[in-house]
Amino acid sequence: MDERRSTVMVPVGDAALPADLTVPARPVGVVLFAHGSGSSRHSPRNVAVARTLNDSGLGTVLADLLTPTEDEVDARTAELRFDIGLLAGRLAGIVDWLAVERPAGDVPIGLFGASTGAAAALVAASTRADRVGAVVSRGGRPDLAGAALPQVRTPTLLLVGGLDEEVIALNEQALAELGNVGELRVVPGATHLFEEPGTLDQVADQAGAWFTTHLSR
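Everything numeric in this text was worked out from a predicted model, so none of it was measured.

1. Let's talk about the overall build of the chain
Then, in step 1: Along the backbone of the chain there are six helices and eight strands.
Then, in step 2: Sequence-ordered secondary structure for the chain, helices as α and strands as β, is β-β-β-α-β-α-α-β-α-β-β-α-β-α.
Then, in step 3: Computed over its C-alpha atoms, the radius of gyration of the chain comes to 16 Å, within 12% of the 17 Å expected for a compact globule of 217 residues.
Then, in step 4: Once the C-alpha set of the chain is aligned to its principal axes, its extents read approximately 40 × 40 × 35 Å.

Given below as structure tokens:
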């Protein structure tokens, strides 16, 4: 499949955030990834999911939401990875950049969030309802989106491992707040990081189907 790959610096406020952009020949949409706590745009799980989305005709953007300096601080203190407001603001800024600069073309935008990144994705979606067409959470903490959850108007798929009981409960609470835009699916036999054989493939396939359904015009 013909596709364009590039690493770009995205200006968001006073920060410049590195992002790996992959665009298939005729994308039906573009998905921006929000990685989880302590991770980066090089997260092997998100990279694997992104490849499946590319094969489904979706562009992908894997971005670092912290600057290198902030990353160094976070490595010592672990404080910024839970700053949902900061991360959501950065995501919203990248969404605006995708909508205005159109590096993937004039296509709908989706958000894929893992762990704490899921909360940031939902907060960003609540403030960019006109620009975000679908959200998928993998092993996420959507509960950390708090008061933003009832404001979300975007179709949202919550994917949780069947053995990740505490996170299942937190996702059920978030689902009640999301109302009819949310759907919760449990991947049997999977723990929090979906390390069991075939479980991450299920996440990628379900995410791809969700995005192609809700982003296709």
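So that's the structure; there's more coming.
2. So, the environment of Arg185
Then, in step 1: The residue Arg185 is located in strand β8 (residues 182-187) in this model.
Then, in step 2: Judged by its relative accessible area of 26%, Arg185 falls in the partly exposed class.
Then, in step 3: With 24 residues separating them along the chain, Arg185 and Gly161 place their C-alpha atoms 8.7 Å apart.
Then, in step 4: What Arg185 contacts, discounting residues up to four positions off in sequence, is Leu157, Leu158, Leu159, Val160, Gln206 and Trp210.
Then, in step 5: For Arg185, the side chain forms a polar contact with the side chain of Glu183, separated by 2.7 Å.

3. A look at helix α6 (residues 199-215)
Owing to its 3.6 residues per turn, the α-helix brings residues three or four apart onto one side.
Then, in step 1: For α6, with 17 residues, the first-to-last C-alpha span of 24 Å sits near the 24 Å given by 1.5 Å per residue.
Then, in step 2: For α6, the full list of buried residues reads Thr199, Leu200, Val203, Ala204, Gln206, Ala207, Gly208, Trp210, Phe211 and Leu215.

4. What about the packing of helix α1 (residues 44-55) against α6?
Then, in step 1: Running from amino to carboxyl end, α1 crosses α6 at an angle of 45°, the nearest separation of the two axes being 9 Å. By the angle between their directions, the pair α1 and α6 is classed as oblique. Handedness of the α1/α6 crossing: right-handed. For the pair formed by α1 and α6, the contact residues are Arg45, Ala48, Val49, Thr52 and Leu53 on the first element and Leu200, Val203, Ala204, Asp205, Ala207, Gly208 and Phe211 on the second.
Then, in step 2: Partitioning the contact of α1 with α6 into residue classes produces eight nonpolar, two polar and two charged.

5. Looking at helix α4 (residues 116-127)
Then, in step 1: Between its first and last C-alpha, α4 extends 18 Å over 12 residues, near the 16 Å set by a 1.5 Å rise per residue.
Then, in step 2: Of all 12 residues in α4, 11 are buried; the element is thus mostly enclosed.
Then, in step 3: Those residues of α4 not exposed but buried are Thr116, Gly117, Ala118, Ala119, Ala120, Ala121, Leu122, Val123, Ala124, Ala125 and Ser126.
Then, in step 4: Close packing links the buried residues of α4 with β3 (29-34), α3 (84-101), β5 (109-114), β6 (132-138), β7 (156-161) and α5 (165-178).

6. Notes on the pairing of strand β1 (residues 3-12)
Then, in step 1: Note that β1 and strand β2 (residues 15-24) share 10 bridges and pair antiparallel. Within β2, the residue paired with Val10 across the bridge is Leu17.
Then, in step 2: Where β1 folds back on β2, the antiparallel hairpin that results is connected by two residues, among which Gly13 adopts a positive phi of roughly 60°.

7. Points about the nonpolar core
Then, in step 1: By size, the foremost hydrophobic cluster in this structure holds 45 residues, and its most contacted members are Leu32, Leu91, Ile94, Leu98 and Leu111.
Then, in step 2: At nine residues, the largest contribution of residues to this core is made by α3.
Then, in step 3: Ile94 has contacts with Val10, Val12, Leu17, Leu32, Ala63 and Leu65, leaving out every residue within four places of it along the chain.
Then, in step 4: Listed in part, the 22 residues of the second largest apolar core include Val49, Ala134, Leu159 and Val203.

8. Let's talk about the environment of Gly110
Then, in step 1: Within the secondary structure layout, Gly110 lies in strand β5.
Then, in step 2: C-alpha of Gly110 to C-alpha of Leu80: the two residues are 30 residues apart in sequence and 24 Å apart in space.
Then, in step 3: Non-local contacts of Gly110, meaning those with residues more than four positions away in its chain, are made with Val30, Val31, Leu32, Ala134, Phe211 and Leu215.

9. Some points on unusual backbone geometry
Then, in step 1: In the Ramachandran plot, Ala78 falls in the positive-phi region, its phi being about 60° despite a non-glycine side chain.
Then, in step 2: Within the fold, Ala78 resides in the loop between α2 (68-77) and α3.
Then, in step 3: Even without glycine at this site, Arg102 takes up a positive phi of about 50°.
Then, in step 4: You can see Arg102 is positioned in the loop between α3 and β5.

10. Topic: the sheet that holds β2
Then, in step 1: Taken together, the eight strands give an open sheet; going across it, the order is β1-β2-β4-β3-β5-β6-β7-β8, and neighbouring strands pair in mixed fashion. Edge positions in the sheet fall to β1 and β8, since each has one partner strand and no second. This sheet shows a mean twist of 20° between the axes of neighbouring strands, independent of strand direction.
Then, in step 2: Where β3 and strand β4 (residues 58-63) come together, five bridges link them in parallel fashion. Counted as the bridge partner of Phe33 is Leu62 from β4.
Then, in step 3: Across the sheet, α1 touches β1, β2, β3, β4, β5 and β6, and the angle it forms with β4 is around 160°.
Then, in step 4: Helix-sheet contacts for α5 involve β6, β7 and β8, and the interaxial angle to β7 is about 165°.

Here is what the cut-offs are and how they apply
- In this convention, every chain numbers its residues from 1, walking through the sequence in written order.
- In keeping with the model being predicted, local features are shown solely for residues with a pLDDT of at least 70 and side-chain atom pairs are shown and tallied solely at 80 or more, while totals for entire chains, interfaces and linings include all residues.
- The side-chain figures draw on all heavy atoms in the structure; neither hydrogens nor water molecules are used.
- A run of H or I in DSSP counts as a helix once it spans at least four residues, and a run of E counts as a strand once it spans at least two, with each numbered from the N terminus.
- The quantity called the radius of gyration is restricted to C-alpha atoms. Its globule counterpart is 2.2 Å times the number of residues to the power 0.38.
- For every residue, the accessible area obtained with a 1.4 Å probe (protein chains only) is divided by the maximum for its type, and the residue is called buried under 20%, exposed over 50%, and partly exposed between those limits.
- Residue contacts are defined here by distance: any two heavy atoms, one from each residue, within 4.5 Å place the two residues in contact.
- Identification of polar contacts relies on pairs of N or O atoms within 3.5 Å, with a donor-acceptor requirement for protein atoms, meaning one able to donate a hydrogen and the other able to accept it, and with residues adjacent in sequence counted only if both atoms are side-chain atoms.
- Multiply 1.5 Å by the residue count of a helix minus one, and that product is the helix's expected span.
- In this description, a line fitted to the C-alpha atoms serves as the axis of each element, helices being fitted only across the stretch in contact, and the angle between N-to-C directions of two axes falls anywhere from 0 to 180 degrees.
- In this scheme, roughly parallel covers angles under 35 degrees and roughly antiparallel covers those over 145, while 65 to 115 is roughly perpendicular and the rest are oblique.
- We call a crossing left-handed when the near helix sits turned anticlockwise from the far one by less than a right angle, and right-handed when that turn is clockwise.
- Polar here means any residue outside two lists: the nonpolar Ala, Val, Leu, Ile, Met, Phe, Trp, Tyr, Cys and Pro, and the charged Asp, Glu, Lys and Arg; Gly therefore counts as polar.
- Pairs of strands are assigned from DSSP output, requiring at least two bridges between the strands.
- Buried residues of nine kinds, namely Ala, Val, Leu, Ile, Met, Phe, Trp, Tyr and Cys, make up a nonpolar core once their side-chain atoms join them within 4.5 Å.

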